[in-house]
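What follows is each chain in one-letter form.
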Amino acid sequence: FVVLERASGMPRSSILPEQTMILTRSLMHGSIEARWWDRLVAKLAERAPNSEDADALGALTRCARAEHCELPRERMLAAFEAAESHPLRSPTVLRIHADYAWNLLGDRALGERLADEAVQLRPRDVDARIALARMNIVLGNHAKAREQVQALERLNTGGRLDAQVTELSALIP
């Protein structure tokens, strides 16, 4: 972890070193240093998250969702709060937070609201639209789900989204 600790201290470094140390220790069922979480949250609060930061938050969320990692809820929520505290909110971070809220907190309303905000900020974000469509199907908001499928159809250049559109359409009564 010496190299990761050194990388963590580099000016303007992403949260990737902290995320790697947290995930590694969690996967090994070892103790996670509080300072790693503190630095991760501080970096996210200091500046708007970049794509590496968003990817790191996504990896933490996926690991927790797959039940491979036990990550403290309050630490994850602090990380999302810090990442979303900037004037220009990241649609990718919002989509990842929506996934976390929906699947790990069981907060359907928050998950749907965050996914909707991600779509509003980046209308061409296919992943956010798919997530929002799925959420609305589960919630029984079929008209909203249909809106997302129609938007996906408009984004479906060259048939690259055919499978997703077909699958989602079949789930809407």
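Up top is the structure.
Fair warning: this is a prediction, and the values are worked out from it, not measured in the lab.

Peer 1: Got a minute to help me understand the overall build of the protein chain in this structure?
Peer 2: Within the protein chain, the regular secondary structure consists of 10 helices and zero strands. Starting at the N terminus and ending at the C terminus, the protein chain contains elements arranged as α-α-α-α-α-α-α-α-α-α. Computed over the C-alpha atoms, the radius of gyration of the protein chain is 17 Å, within 12% of the 16 Å expected from 2.2 N^0.38 for a compact globule of 173 residues. Taken over the C-alpha atoms alone, the protein chain extends approximately 55 × 30 × 30 Å along its principal axes. Burial analysis of the protein chain (173 residues in total) assigns 45% to the buried set.

Peer 1: So what exactly am I meant to see when it comes to the environment of Cys-69 here?
Peer 2: Its place among the elements puts Cys-69 in the loop between helix H4 (51-65) and helix H5 (73-83). Considering only alpha carbons, one finds Cys-69 and His-29, 40 residues apart in sequence, at a separation of 8.1 Å. When sequence neighbours within four positions are dropped, the list of residues in contact with Cys-69 reads Leu-23, Ser-26, Leu-27, Cys-63 and Ala-64.

Peer 1: I keep staring at the nonpolar core and nothing clicks. Help me out?
Peer 2: Here is a general trend for soluble globular proteins: nonpolar side chains tend to be buried in one another's company. Within the largest apolar cluster, 26 residues are counted, with the highest numbers of intra-cluster contacts made by Leu-40, Leu-44, Leu-57, Leu-60 and Leu-71. Those elements that provide at least two residues to this core are helix H2 (16-27), helix H3 (34-46), H4, H5 and helix H6 (91-105). Setting aside residues no more than four positions away along its own chain, Leu-57 makes contact with Ile-15, Leu-44, Ala-79, Phe-80, Ala-83, Val-93 and Ile-96.

Peer 1: Which parts of the structure should I look at to understand the layout of surface pockets?
Peer 2: Left-over empty space is what a probe sized like a water molecule reveals as it rolls over the atoms. When its volume is computed, the largest pocket comes out at roughly 390 Å³. As for the largest pocket, its lining consists of 18 residues, of which Arg-65, Arg-95, Asp-99, Asn-103 and Ala-131 are closest to the centre. Put simply, the parts of the chain that give the lining of the largest pocket at least two residues each are H4, H6 and helix H8 (126-139). For the lining of the largest pocket, the class distribution of residues is seven nonpolar, four polar and seven charged.

Peer 1: Where do I start with the pattern of salt bridges in this structure?
Peer 2: Should the charged atoms of two oppositely charged side chains come close, the side chains can pair. Following the criterion strictly, the structure yields 13 salt bridges and no others. Arg-65 is paired through a salt bridge with Asp-99; the nearest N and O atoms lie 2.9 Å apart. Taken as a pair, Arg-65 in helix H4 and Asp-99 in helix H6 lie far apart in primary sequence, 34 residues in all. In this structure, Arg-89 and Glu-117 form a salt bridge, with 2.7 Å as the shortest nitrogen-oxygen distance.

Peer 1: Looking at this structure, I do not really get unusual backbone geometry. What am I missing?
Peer 2: Peptide bonds are, in most cases, trans, and in most cases residues other than glycine have a negative phi. Although it is not a glycine, Arg-12 adopts a positive phi angle of roughly 60°. Relative to the elements of secondary structure, Arg-12 occurs in the loop between helix H1 (2-8) and H2. Judged by its relative accessible area of 63%, Arg-12 falls in the exposed class. The phi torsion at Glu-67 lies on the positive side, around 65°, for a residue other than glycine. Locating Glu-67 in the fold gives a position in the loop between H4 and H5.

Reading guide: rules and limits
- Residues numbered from 1 in each chain as written.
- Predicted model: local features only at pLDDT ≥ 70, side-chain atom pairs only at ≥ 80, totals over all residues.
- Heavy atoms only, no water.
- Helix = DSSP H or I, 4+ residues; strand = E, 2+ residues; numbered from the N terminus.
- Rg over C-alpha atoms; globule rule 2.2 N^0.38 Å.
- Buried < 20%, exposed > 50% of the residue type's maximum accessible area, 1.4 Å probe, protein only.
- Contact = heavy atoms within 4.5 Å.
- Core = buried A, V, L, I, M, F, W, Y, C linked by side-chain atoms within 4.5 Å.
- 1 Å grid on protein atoms, 1.4 Å probe; cavity = no way out; pocket = protein on both sides within 12 Å on 5 of 7 lines; lining within 4 Å.
- Points joined across faces, edges and corners; volume = space filled by probe spheres on them.
- Nonpolar A, V, L, I, M, F, W, Y, C, P; charged D, E, K, R; others polar.
- Salt bridge = Lys/Arg side-chain N within 4 Å of Asp/Glu carboxyl O.

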